[in-house]
Amino acid sequence: MTRRDLQWKAGGFALMAVSCALCMAVDGSPLMLLFFPLALLGLPLMIHGKRVGQMVRAERRGHSRTADAVHAARRRRRGQGSDGFGR
């Protein structure tokens, strides 16, 4: 796991922890509705790390096949060819 991936995961954890703590602090208030989506946003960041950022960038650039673009980037990074064995 790279440092950048750990930073994304730590950011997701921090976002979720802070928003949950703020929800507990304003218990019973309508302000909880503002913090709840932030906690839900932190979950995929905490689990998937930098792949979330990569998918958001691919989606913003208009890729019709976001999953294919992410998979192709991963294959290029690993130096694998089309057969998966580096050929």
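Residues numbered from 1 in each chain as written. Predicted model: local features only at pLDDT ≥ 70, side-chain atom pairs only at ≥ 80, totals over all residues. Heavy atoms only, no water.

K.L.:
Quick question: what am I supposed to make of the overall build of the protein chain here?
P.N.:
Along its length, the protein chain carries 4 helices and 0 strands. If you list the helices and strands of the protein chain from N to C, you get α-α-α-α. Accessible surface for the protein chain amounts to roughly 6,600 Å². Of this, 63% is attributable to carbon and sulfur atoms. (Helix = DSSP H or I, 4+ residues; strand = E, 2+ residues; numbered from the N terminus. Areas by Shrake-Rupley, 256 points an atom, 1.4 Å probe, with all protein chains shown as cover.)

K.L.:
I would appreciate a short explanation of helix 3 (residues 50-60) in the present structure.
P.N.:
Along helix 3, the residues that are buried comprise Gly53, Gln54 and Ala58. Mapping the buried residues of helix 3 onto a view down its axis gives an arc of 135°, with all of them on the same face. With respect to the buried face of helix 3, the exposed residues turned more than 90 degrees away are Glu59 and Arg60. At the C-terminal side of helix 3, Gly62 shows a positive phi close to 90°. (Buried < 20%, exposed > 50% of the residue type's maximum accessible area, 1.4 Å probe, protein only. Arc of directions from axis to C-beta.)

None of the figures reported here should be taken as evidence of function without further support.
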